[in-house]
Amino acid sequence: MQILQAPIEIVIGVSYGLAAGLVLWYLPHNGHPSKSSYRFIILLGAGLAAVFGGNDLQYSGAGPLVTLIMAFTAGYKWRKSDASSHEEVTAKLAMLWRYFQPVLFGLMGAALSTEKIQSETIGLGIAVIFIGLLVRFLVTPFATLGAHLNWKEKLFASIAWFPKGTVQATLGSKVYDYTTLALSTQTAPDPYLLRVQQIGIQMLTIAVLCIIITAPLGAIGITFTQGRLLERRIVSGATEQELDTSEREFIKEELPAGEHIMVDFPENCLENNTGKQ
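For every chain, the first residue of its written sequence is number 1, and the numbers climb from 1 along that sequence. Note on the predicted model: pLDDT of at least 70 is required for a residue's local features to be given, and 80 or more for side-chain atom pairs to be given and counted; whole-chain, interface and lining totals, by contrast, use all residues. Neither water nor hydrogens contribute to the side-chain values; these are computed over all heavy atoms in the structure.

Before going further, it helps to examine a nonpolar patch on the surface. Nonpolar side chains (Val, Leu, Ile, Met, Phe, Trp, Tyr) are joined into patches within 5 Å and like charges within 9 Å, using only residues with over 30% relative accessible area and no salt bridge. Only the protein chains shown count as covering a residue, and every accessible area follows the Shrake-Rupley method with a 1.4 Å probe. When a carboxyl oxygen of Asp or Glu is within 4 Å of a side-chain nitrogen of Lys or Arg, the pair counts as a salt bridge. Taken together, the side chains of Met-95, Trp-97, Tyr-99, Phe-100, Val-103 and Leu-107 make up a nonpolar region of the molecular surface, amounting to roughly 660 Å² of accessible area. With respect to the helices and strands, the residue Tyr-99 is situated in helix H4 (residues 83–111). Numbering of helices and strands starts at the N terminus; helices are DSSP runs of H or I of at least 4 residues and strands are runs of E of at least 2.

Here we come to unusual backbone geometry. With an omega of -5°, the peptide bond running from Leu-27 to Pro-28 counts as cis. On the secondary structure map, Pro-28 appears in the loop between helix H1 (2–26) and helix H2 (35–56). The phi angle at His-148 is positive, at roughly 60°, despite the residue not being glycine. Structurally, His-148 is set in the loop between helix H5 (119–143) and helix H6 (151–160). The classification of residues rests on relative accessible area computed with a 1.4 Å probe and restricted to protein chains. Under 20% of the type maximum is buried, over 50% is exposed, and intermediate values are partly exposed. On the basis of relative accessible area, His-148 is assigned to the exposed category, the value being 53%.

We now examine helix H8 (residues 174–184). In an α-helix, one full turn covers 3.6 residues, which means residues spaced three or four apart are oriented alike. Taken as a whole, H8 has its buried residues at Tyr-176, Thr-179 and Leu-183. All buried residues of H8 project into a common sector of 75° when viewed along the axis, lining one side. Away from its buried face, by an angle of more than 90 degrees, H8 presents the exposed residues Leu-181 and Ser-184. The directions considered for the arc run from the helix axis to the C-beta atoms.

The angle between two axes is taken between their N-to-C directions and runs from 0 to 180 degrees, where each axis is a line fitted to C-alpha atoms and a helix contributes only its stretch in contact. One can describe the packing of H5 onto helix H9 (residues 191–229) by two numbers: an axis separation of 9 Å at closest approach and a directional angle of 50°. Between H5 and H9, the crossing angle belongs to the class labelled oblique. Once H5 is placed against H9, the crossing between them reads as right-handed. Contacts from Thr-121, Ile-122, Gly-125, Ile-126, Ile-129, Phe-130 and Leu-133 in H5 reach Gln-202, Thr-205, Ile-206, Leu-209, Cys-210, Ile-213, Thr-214 and Leu-217 in H9. Looking at the contact of H5 with H9 residue by residue, the classes come out as 10 nonpolar, five polar and no charged. Roughly parallel refers to an angle under 35 degrees, roughly antiparallel to one over 145, roughly perpendicular to one between 65 and 115, and oblique to any angle outside these ranges. Whether a crossing is left-handed or right-handed is set by the direction in which the near helix is turned from the far one by less than a right angle, anticlockwise for left-handed and clockwise for right-handed. The contact rule is simple, with two residues in contact once any of their heavy atoms fall within 4.5 Å. Amino acids outside the nonpolar list (Ala, Val, Leu, Ile, Met, Phe, Trp, Tyr, Cys, Pro) and the charged list (Asp, Glu, Lys, Arg) are all regarded as polar, and Gly is one of them.

Let us look at the environment of Ala-157. Examined against the element boundaries, Ala-157 turns out to sit in helix H6. Residues Ala-157 and Ala-143, spaced 14 residues apart in sequence, show a C-alpha to C-alpha distance of 9.8 Å. Not counting the four nearest positions on each side in its chain, Ala-157 is found in contact with Thr-140 and Thr-144.

What follows covers H9. What a helix should span is 1.5 Å times the count of its residues minus one. Over its 39 residues, H9 extends 54 Å from the first C-alpha to the last, a length consistent with the 57 Å expected when each residue adds 1.5 Å. In this analysis the local bend is the angle between axes fitted, respectively, to the seven residues ending at and the seven residues starting at the residue. Of all the bends in H9, the largest measures some 30° and sits at Thr-223. Polar contact is defined as a pair of N or O atoms within 3.5 Å, subject to the rule that within protein one atom must be able to donate a hydrogen and the other to accept it, and that residues adjacent in sequence are counted only when both atoms are side-chain atoms. The opening residue of H9, the one whose side-chain oxygen lies 3.1 Å from the backbone nitrogen of Tyr-192, is Asp-190.

Planes of paired rings set the category: under 30 degrees apart is stacked, over 60 is edge-to-face and the rest tilted, where pairs are Phe, Tyr or Trp rings (Trp by its six-membered ring) whose centres lie within 6.5 Å. Per the counting criterion, the structure on display carries two aromatic pairs. Ring centres of Phe-137 and Phe-162 lie 6.0 Å apart, and the angle between their planes is 45°; this geometry places the pair in the tilted category. Here Phe-137 is found in helix H5, whereas its partner Phe-162 is found in the loop between H6 and helix H7 (166–171), with 25 residues between them in sequence. In this structure, Lys-77 is placed above the aromatic ring of Trp-25, and the distance from its NZ or CZ to the ring centre is 5.5 Å. Think of it as a cone above the ring: NZ of Lys or CZ of Arg counts as a charge over the ring if it is within 6 Å of the ring centre and within 35 degrees of the ring normal.

As a further point, take the confidence of the model for the protein. Taken as a whole, the protein shows an average pLDDT of 77; of its residues, 78% reach a score of 70 or greater. Averaged over each element, pLDDT in the protein is lowest for strand E2 (residues 260–263) (46) and highest for H6 (90). Predictor confidence is given residue by residue as pLDDT, running from a minimum of 0 to a maximum of 100. Note on residues 237–247: pLDDT is under 50 here. Beyond four places in sequence and across chains, it has 18 contacts.

Moving on: the nonpolar core. Judged by nonpolar contacts, Ala-20, Leu-24, Phe-40, Leu-43, Ala-46, Met-70, Ala-74, Trp-78 and Val-89 together constitute the single largest core of nine residues. Excluding residues within four positions of it along the chain, Phe-40 makes contact with Val-89, Lys-92, Leu-93 and Leu-96. Core analysis: the next-biggest nonpolar cluster, separate from the first, contains six residues, Leu-133, Leu-209, Cys-210 and Ile-213 among them. We call a set of buried Ala, Val, Leu, Ile, Met, Phe, Trp, Tyr and Cys residues a nonpolar core when their side-chain atoms join them within 4.5 Å.

See below:
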């Protein structure tokens, strides 16, 4: 049954996520006066039900997958049919994440005991992190080929993608948590679970090191290179309707409304918008 655990979790996650996402296309209907609030509540409630329900049913991997696919499916339709409602739901989730993100990182740090850390794990972990950062730095320009960026903007993207933390904080302690829970129910500890628990401690240690190293490294790199690698351009006469959703959000959050707007957009954006005048 252990062999079928992962495929079953994938099937449950994909099917439940798609079904819940499709339901959110029509519930609540577009004419509802509080549709954004209801969409936020239903999306959050369905995600929590999937995560906690999956844990109770011993299919813990299905819950996060349900949440991801459900949000993607629902957001795809909302973005196409009702961009303003989609932006409101996104803003509510972002505000919620702002307060719960420190809790997630705090729980991860509390789970790590310095007494259980092995010195060789730290050295090898740091080596693995920097090798991964190097590969990521070299591959990022290829990932941005379709964005029409110049070489300076591609270089900045490589630097800006240094920070890692959210996934590590979410998944870094899973193996250690599950093995610790399983060992707590046994009168005689299983040697295999003890070995897996040690692997979990190594994973947790590397996850913490990844956050500690990459977060300040990325912040310093962004701070010292954004003025040198990014070029500020003036888009004159471009109305809010002529800019896409992401550009409108940037203007609303960072810049005051005005006839002349200072924006850090690639050259193709400037050409497209000025060509419409």
